[in-house]
Amino acid sequence: MKNQIVNATVNAAKNEERFPANCLLQEIAPLLQEYFIGLFETKKQALRLSFPNGQNFKLTVRECK
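Conventions and cut-offs
- Residues numbered from 1 in each chain as written.
- Predicted model: local features only at pLDDT ≥ 70, side-chain atom pairs only at ≥ 80, totals over all residues.
- Heavy atoms only, no water.
- Helix = DSSP H or I, 4+ residues; strand = E, 2+ residues; numbered from the N terminus.
- Rg over C-alpha atoms; globule rule 2.2 N^0.38 Å.
- Buried < 20%, exposed > 50% of the residue type's maximum accessible area, 1.4 Å probe, protein only.
- Contact = heavy atoms within 4.5 Å.
- Areas by Shrake-Rupley, 256 points an atom, 1.4 Å probe, with all protein chains shown as cover.
- Lys, Arg positive; Asp, Glu negative; His and termini not counted.
- Charge placed at Lys NZ, Arg CZ, Asp CG, Glu CD.

Attention now goes to the overall build of the chain. Counting secondary structure elements, the chain contains 2 helices and 3 strands. For 65 residues, the compact-globule formula gives about 11 Å, and the C-alpha radius of gyration of the chain, at 16 Å, lies well above that figure. Classification of the 65 residues of the chain by burial places 17% in the buried group. The long-range share in the chain, meaning contacts at least 24 apart out of those at least 6 apart in sequence, stands at 15%. Accessible area for the chain stands at about 6000 Å²; split by element, carbon and sulfur atoms hold 55% of it. Here the chain holds 9 positive side-chain charges and 6 negative ones, and the gap between their average locations is 9 Å.

The next subject is the environment of Ile 37. Relative to the helices and strands, Ile 37 is located in the loop between helix 2 (21-35) and strand 1 (39-43). Residue Ile 37 is classed as exposed on the basis of its relative accessible area, which comes to 69%. Residues Ile 37 and Pro 52, 15 residues apart in the sequence, show an inter-C-alpha distance of 7.5 Å. The contacts of Ile 37, once residues within four sequence positions are left out, are Phe 51 and Pro 52.

In structure tokens, the structure reads:
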């Protein structure tokens, strides 16, 4: 039964429409906010993370072809 559910989920994922990189970042940002305290800013294909200790990071996403 579990394998059938997994197979159905995989098949549904295969049929999903393609999505742009910025949509992926918009989905990732809230997950990171659950684990980290800081400022999260999404711009185009990048997510800027600024932490209270002064560290700054930029996560970029682009589709590999």
